[in-house]
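A look at the structure
Each chain is listed here by its residues.
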Amino acid sequence: MDVYNPANNQKIGEVKEFTEEEVAGTIDRLGAGFPGWSARRPASRGMVLYRAAETIRADVHRLASILTAEQGKPLAEARNEILGAASVFEYYASIAGTVGGSTVPKSDYGYAFTSKSPLGVCGAIIPWNMPALIMAWKVAPAVVTGNSIVVKPAETTPFTNIEIAGILHSSGLPDDVLAVVTGGGETTGAAIARNRDVRHISFTGSVETGEKISKMVDAGRVRLTLELGGSDPMIVCGDADLDRAVAGAVAGRFYNCGQICTAVKRLFVADSVADGFIGRLKAATESLRVGDGAAEGTDIGPLNSIGGLQRIEEMVEDSIGSAKVLTGGLRPDGPGNFYAPTLITGLEPDSRLLTEEVFGPVLPIVRFGDLDEAVDMANSTRFGLGASIWTNDMRNASKAIDSVRSGILWVNRHSRIPPEVPFGGVAGSGIGRENGPNSLDGYMVEKTVIVSP
Ligand code: NAD
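Residues numbered from 1 in each chain as written. Predicted model: local features only at pLDDT ≥ 70, side-chain atom pairs only at ≥ 80, totals over all residues. Heavy atoms only, no water.

The next point concerns the overall build of the chain. When you go through the chain residue by residue, the secondary structure sums to 14 helices and 18 strands. Taking 22 Å as the expected radius of gyration for a compact globule of 453 residues, we find that the chain reaches 23 Å, a close match to that expectation. Counting only C-alpha atoms, the chain reaches 70 × 60 × 40 Å along its principal axes. A buried classification covers 54% of the 453 residues belonging to the chain. Here the contacts in the chain between residues at least 6 apart in sequence split such that 72% fall between residues at least 24 apart. Counting every atom, the chain has about 17,900 Å² of accessible surface; 52% of that belongs to carbon and sulfur. With 42 positive and 53 negative side-chain charges, the chain shows a separation of 5 Å between the mean positions of the two kinds. (Helix = DSSP H or I, 4+ residues; strand = E, 2+ residues; numbered from the N terminus. Rg over C-alpha atoms; globule rule 2.2 N^0.38 Å. Buried < 20%, exposed > 50% of the residue type's maximum accessible area, 1.4 Å probe, protein only. Contact = heavy atoms within 4.5 Å. Areas by Shrake-Rupley, 256 points an atom, 1.4 Å probe, with all protein chains shown as cover. Lys, Arg positive; Asp, Glu negative; His and termini not counted. Charge placed at Lys NZ, Arg CZ, Asp CG, Glu CD.)

What follows covers the site of the ligand. Around the ligand sit 31 residues, and of these Ile 126, Lys 152, Thr 209, Leu 228 and Glu 357 come closest. The contact in question runs from an oxygen atom of the ligand to an N or O atom on the side chain of Ser 206, over 2.7 Å. Glu 357 has a polar side-chain atom sitting 2.6 Å from an oxygen atom of the ligand. Burial of the ligand by the surrounding chains reaches 91%, relative to a free accessible area of 850 Å². At the level of elements, α7 (185-194), β8 (198-204) and α8 (207-216) are the ones that each hand at least two residues to the shell around the ligand. When the residues that make up the shell around the ligand are grouped by side-chain class, the tally is 16 nonpolar, nine polar and six charged. Viewed by domain, the shell around the ligand spans two of them, domain 1 (2-228 + 426-451) and domain 2 (232-411), each represented by three or more residues. (Near = heavy atom within 4 Å. Polar contact = N/O pair within 3.5 Å; in protein donor to acceptor, adjacent residues only side chain to side chain. Nonpolar A, V, L, I, M, F, W, Y, C, P; charged D, E, K, R; others polar. Domains from an automatic or database assignment.)

Domains assigned within the chain are domain 1 (2-228 + 426-451) and domain 2 (232-411). In this structure, domain 1 and domain 2 have C-alpha centres spaced 30 Å apart. Counting residues at the interface gives 26 residues for domain 1, matched by 28 residues for domain 2. Of the roughly 2,200 Å² buried between domain 1 and domain 2, counting both surfaces, carbon and sulfur atoms make up 52%. Counting the surface domain 1 buries against domain 2, the share from its top three residues, Ala 7, Glu 77 and Trp 128, is 21%. Arg 382 is paired through a salt bridge with Glu 208; the nearest N and O atoms lie 3.5 Å apart. Taken together, the links from domain 1 to domain 2 amount to 16 residue pairs in polar contact (both at pLDDT 80 or more). (Buried area = accessible area lost by both parts, 1.4 Å probe. Salt bridge = Lys/Arg side-chain N within 4 Å of Asp/Glu carboxyl O.)

What follows covers the sheet that holds β8. The six strands lie next to each other as β7-β6-β5-β8-β9-β17, forming an open sheet whose pairing is mixed. Pairing within the sheet leaves two strands with one partner each, and these edge strands are β7 (178-180) and β17 (430-431). Pairing analysis gives three bridges linking strand β6 (residues 148-152) to β7, with the strands arranged parallel. Across the sheet, the residue bridging to Val 150 is Ala 179, located in β7. Against the sheet, helix α1 (residues 20-39) contacts β5 (121-125), β6, β7 and β8, and its axis sits at roughly 155° relative to β6. (Pairing = 2+ DSSP bridges. Axes fitted to C-alpha atoms, helices over the stretch in contact; angles between N-to-C directions.)

For helix α10 (residues 271-286), which comprises 16 residues, the first-to-last C-alpha distance of 23 Å matches the rise-based estimate of 22 Å (1.5 Å per residue) to within 8%. Of all bends in α10, the biggest is about 30°, found at Phe 277. In the core, the buried residues of α10 are packed alongside β10 (233-236), α9 (242-254), β11 (266-270), β12 (324-327), β13 (342-345) and β14 (362-368). (Expected span 1.5 Å × (residues − 1). Bend = angle between axes of the 7 residues up to and from the residue.)

In this section: the environment of Pro 6. Looking at where Pro 6 falls in the secondary structure, it is placed in the loop between β1 (2-5) and β2 (10-14). For Pro 6, a relative accessible area of 1% puts it in the buried group. Taking the C-alpha atoms as reference, Pro 6 lies 9.1 Å from Thr 68; in sequence the two are 62 residues apart. Apart from the residues lying within four places of it in its own chain, the contact partners of Pro 6 are Ala 69, Glu 70, Gln 71, Gly 72, Pro 302, Leu 303, Asn 304, Gly 336 and Asn 337.

The next point concerns the pattern of salt bridges. Side chains that carry opposite charge are capable of pairing whenever their charged atoms lie near each other. Inspection of every chain in the model, using the stated rule, returns 24 salt bridges. The residue Glu 286 makes a salt bridge to Lys 282 at a minimum N-O spacing of 3.2 Å. In this pair, Glu 286 and Lys 282 both sit in helix α10, four residues apart, roughly one turn of the helix. Judged by its relative accessible area of 43%, Glu 286 falls in the partly exposed class. For Lys 282, a relative accessible area of 29% translates into the label partly exposed. In this structure, a network of salt bridges that share partners links the residues Arg 311, Asp 318, Arg 352 and Glu 356.

To continue, consider the environment of Glu 77. When you line up the elements, Glu 77 lands in helix α4 (residues 75-94). What makes Glu 77 buried here is its relative accessible area of 8%. In the structure, Glu 77 is positioned 222 residues away from Asp 299 in sequence and 8.9 Å away in space, judged by C-alpha atoms. Other than its neighbours up to four places away in sequence, Glu 77 contacts Tyr 255, Asn 256 and Asp 299.

Inspection of the sheet shows strand β3 (residues 103-107) paired to strand β4 (residues 110-118) by three bridges, in the antiparallel sense. Within β4, the position partnered with Ser 107 by the bridge is Gly 110. Between β3 and the antiparallel strand that follows it, β4, lie two residues. Pairing geometry for β4 and strand β18 (residues 444-451), over eight bridges, is antiparallel. Its bridge partner being in β18, Thr 114 is matched across the sheet by Thr 448.

So, on to the packing of aromatic side chains. Per the stated rule, a full pass over the model turns up three aromatic pairs. Judged by centre distance (5.6 Å) and plane angle (80°), the rings of Trp 128 and Phe 359 are edge-to-face. Of this pair, Trp 128 sits in the loop between β5 and α5 (131-144) while Phe 359 sits in the loop between α12 (352-355) and β14, and the two are 231 residues apart along the sequence. Measuring from ring centre to ring centre gives 5.3 Å for Trp 137 and Phe 423, while their planes differ by 55°; the resulting arrangement is tilted. With Trp 137 in helix α5 and Phe 423 in the loop between β16 (408-411) and β17, the pair connects residues that are 286 residues apart, well separated along the chain. (Phe/Tyr/Trp six-rings, centres within 6.5 Å; stacked < 30°, edge-to-face > 60°.)

Written as structure tokens, this is what we have:
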């Protein structure tokens, strides 16, 4: 399979496509590696992650340039993502020794306690938008709890995942505890989902693929975590700090060329401040420099694939009707999958830009009168991943906390996902949680023991 640089569509390398038999063989090998790894002390497993994090930090510039070449993001963002992956490994290393059971007070049946053990071979299916970070979210909890894991990178971004796996191996993770299988989703990815020896599948990607995977797995035996898409609302109240909100909207929408599951995908702004806010947002958006992520000074790189670019173009065309494009709305001349950062107002409520996930640098803006109206609009899609409210009034924040449908809600920021906190969606945005101390439980089975004296 060929891999291309999205800034110029030149081929940068190729990877093998693993067949179903080869995937099964890899899973058998990981099954053989599991008993030895799970018998190691948790702290010794954590040390492997610490060592890997140290190497990743020392190697950040090389890893970032690999990520930029295959994904497209500016080098500064690539470095942030690589360092973010190192932080995830450090976090899980730091909680390695916390894996334990619980005890129940003595009762008429005697004493009871629980004991937790790893599951066996796990599977991770990774998207292309944040390949390093999302790989770390899945690999770290799996291996620190004593499981082995097979990783399937996205077709367009295999090299970052292969490099990180190499660092984990050279840090002491045995070859038969972690393996990367490259290939297509319908082929190599589906071979993992269908394999009956895989005990946990963690998938991040589109709603459509998540639905397919949940039909492929044997629900009685397999733990399934689905981190799917979102259409995050950002609600800017009349009392918000507008400088912060403008900066938050620009970063929230245009970071990674808008290709983040928790990007700001719909912006709702109070009528009372809308004109001033939109004017400042437009100026800030127009100051962004679009270009090759590898070039100095680039703020926004290309979209990762031609398909993704075409989808954005179609969504804008289908939605435009009587709406007004404030800036952008076009593809700059020249090679590469570039799309200008775009702001649009005056959309019909049922337009594709307000009802589907917009995975690119296009921000629809809608005005609202009172907060109830904004909350209703925020809750009007099938998604429920992230959301933010920008306000200095605790009553507004409290209303959003209670009534916006999302798995994570930020007040006066958007899209920060530290490894210490649980992350995941509700409604159509997925099932299960990654990160935070409880994520370890997803990779273990708990046995209850009752001792009757
Ligand atoms: P995608 O679903 O097309 O692909 C994701 C991964 O699944 C790739 O590795 C792909 O090869 C694999 N895959 C595809 N079909 C498969 C199948 N039938 N069986 C098994 N594996 C298969 O998604 P994408 O376009 O790569 O990623 C973008 C989507 O991911 C967006 O919707 C975005 O919101 C979502 N996303 C969600 C999160 C989150 O944490 N919730 C994070 C990042 C991205």
